[in-house]
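# Coordinate analysis (summary)
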Amino acid sequence: MTTTTPEATPLGIIAAGGVMPRRLADDVLASGRPVYVVAIREFAESQLYAGLPHRVVRLGAAGQVIAAFRAAGVRDLVMLGHARRPSLLSLFPDAWTASAIARVGRGYFAGGDDTLLRGVTRVLEDEGFVVRGVHELRAGLTQAPGLLAGPAPDAAQAADIRRGIAVLRAMGPVDVGQAVVVQQGLVLAVEAIEGTDAMLARAGSLRREGPGGVLVKLAKPGQDLRLDMPTIGPVTVENAKAAGLSGIAIDAGRSLVTESEATIALAARYGLFILSLDPEAFNKDIPS
């Protein structure tokens, strides 16, 4: 009798929007491990998964997701990609989903994104799956502390970063947002349900005369890093440039940088800094 190890079983990928789920699938396949993708119809570009074992499932049909992964022999799962937060009423849950909501309680839908994702994870783990973080499966997505691109922040920009850290630390316990834009000590925008890109557009319309502000994006205190880890990429840099910002500060080891070479090169070309920092240590010393 042959014993099947978790690494020999397909990695299950719950794919929302963007190319990251496909890139992860390609990396995992290149390592010799099979994959099985469930693409969420409302968010995922299903054509990305042509040629891969996959199924397209509507939001709210979690019973089909579970059945598809079980039929494929999946044990380990990762949730990846960008999505718009649904309301409970918009889900049109199938019988399995309705039962799962009743089991974990509607309170998970009343909190922030981290609260909701913890509820989803609890359901998946109750069904015997192991939920993984993308950073566990693909190397090079997180960054060590240091200046990744652009000129080092000056004293005024460092003060804006500290202000951003303080705001996010105050918001974290109530599970609101991962990002804030600060200019000259003024909080121009705080990320809520709209996401970072829409927040940056709003911040750009509110910018003041003078040196541009900074985007600070951090994991929430106590956040489960398997779920919705703060992420930046080339689009973030483009939107930061359009908003008139001077730079971006991210959480060292606790934020994803997608397409890292392209992201860093683009920031350098625009003269924007990207600073990877330890929020606690930053108040004592500015990395260079």
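Residues numbered from 1 in each chain as written. Predicted model: local features only at pLDDT ≥ 70, side-chain atom pairs only at ≥ 80, totals over all residues. Heavy atoms only, no water.

### Digging into the overall build of the protein
Each helix and strand counted, the protein has eleven helices and 13 strands in total. Scored against the burial criterion, the 288 residues of the protein give a buried share of 47%. Intrachain contacts of the protein at a sequence separation of at least 6 include 72% that bridge at least 24 residues. When the accessible surface of the protein is totalled, it reaches about 13,000 Å², and 55% of it is carbon and sulfur. (Helix = DSSP H or I, 4+ residues; strand = E, 2+ residues; numbered from the N terminus. Buried < 20%, exposed > 50% of the residue type's maximum accessible area, 1.4 Å probe, protein only. Contact = heavy atoms within 4.5 Å. Areas by Shrake-Rupley, 256 points an atom, 1.4 Å probe, with all protein chains shown as cover.)

### With respect to the confidence of the model for the protein
A low pLDDT means the predicted coordinates there should not be read in detail. When pLDDT is averaged along the protein, the result is 87, and 87% of the positions lie at 70 or above. Taken as a whole, residues 1-6 scores under 50 in pLDDT and shows four contacts with residues more than four places along the chain or in a different chain. (pLDDT = per-residue confidence, 0-100.)

### Quick notes on the pairing of strand β9 (residues 214-217)
Of the two faces of β9, the one carrying Val214 and Val216 and the one carrying Leu215 and Lys217 are both buried. In terms of strand pairing, strand β7 (residues 179-183) meets β9 through four bridges, oriented antiparallel. Within β9, the position partnered with Ala179 by the bridge is Lys217. Both β9 and strand β11 (residues 247-251) contribute to a ladder of four bridges, which runs parallel. (Pairing = 2+ DSSP bridges.)

### Quick look at the packing of aromatic side chains
For the structure shown, the criterion picks out two aromatic pairs. Ring plane angle 80 degrees and centroid distance 6.1 Å describe the contact between Tyr36 and Phe69, whose orientation is recorded as edge-to-face. Here Tyr36, found in strand β2 (residues 35-40), pairs with Phe69, found in helix α2 (residues 62-72); they are 33 residues apart in sequence, far enough to count as distant. Each member of the pair, Tyr36 as well as Phe69, is classed as buried. Ring geometry for Phe69 versus Phe129: centroids 6.3 Å apart, planes at 70 degrees, classification edge-to-face. Taken together, the residues span a long stretch of sequence, with Phe69 in helix α2 and Phe129 in the loop between α5 (113-126) and β5 (130-132) at a distance of 60 residues. On the basis of relative accessibility, which here comes to 5%, the residue Phe129 falls in the buried class. (Phe/Tyr/Trp six-rings, centres within 6.5 Å; stacked < 30°, edge-to-face > 60°.)

### Quick look at the sheet that holds strand β1 (residues 11-15)
On the basis of which strands lie adjacent, the open sheet formed by five strands has the order β3-β2-β1-β4-β5 and parallel pairing. Only two strands of the sheet have a single neighbouring strand rather than two, namely β3 (54-57) and β5. Ignoring strand direction, the axes of neighbouring strands in this sheet form an average angle of 25 degrees. When β2 meets β3, the two strands line up parallel, connected through four bridges. By the bridge assignment, Ala39 is partnered in β3 with Val56. Here helix α1 (residues 20-30) sits on the sheet and contacts β1, β2 and β4 (76-80); the angle it forms with β1, its principal contact strand, is near 170 degrees. Helix-sheet contacts for α2 involve β1, β2, β3 and β4, and the interaxial angle to β2 is about 170 degrees. (Axes fitted to C-alpha atoms, helices over the stretch in contact; angles between N-to-C directions.)

### A few points about the pattern of salt bridges
Using the criterion set out here, one finds 14 salt bridges in the structure. Between Arg22 and Asp26 there is a salt bridge, and its shortest N-O distance comes to 2.9 Å. One end of the pair, Arg22, and the other, Asp26, are both in helix α1, four residues apart, so they sit about a helical turn from each other. Notably, a salt bridge pairs Arg132 with Asp76, separated by 3.6 Å at the nearest N-O pair. Pair noted here: Arg132 is in strand β5 and Asp76 is in strand β4, with a separation of 56 residues, a long-range link. You can call Arg132 partly exposed: its relative accessible area is 26%. On the accessibility criterion, Asp76 (3% relative accessible area) is buried. Among the charged side chains, a network of salt bridges with common partners joins Arg33, Arg75, Asp76, Arg132 and Glu136. (Salt bridge = Lys/Arg side-chain N within 4 Å of Asp/Glu carboxyl O.)

### Regarding the sheet that holds strand β13 (residues 273-277)
The strand order β6-β13-β11-β9-β7-β8 describes an open sheet built from six strands, whose pairing is mixed. Each having just a single partner strand, β6 (146-149) and β8 (186-190) make up the two edges of the open sheet. Taking the axes of each pair of neighbouring strands and ignoring which way they run, one obtains an average angle of 25 degrees across the sheet. Of the strand pairs in this sheet, β7 and β8 are connected by four bridges, and their pairing is antiparallel. Residue Val182 lies in a different strand from β8, and its bridge partner there is Val187. Along the sheet, helix α10 (residues 260-270) makes contact with β6 and β13, crossing β6 at roughly 80 degrees.

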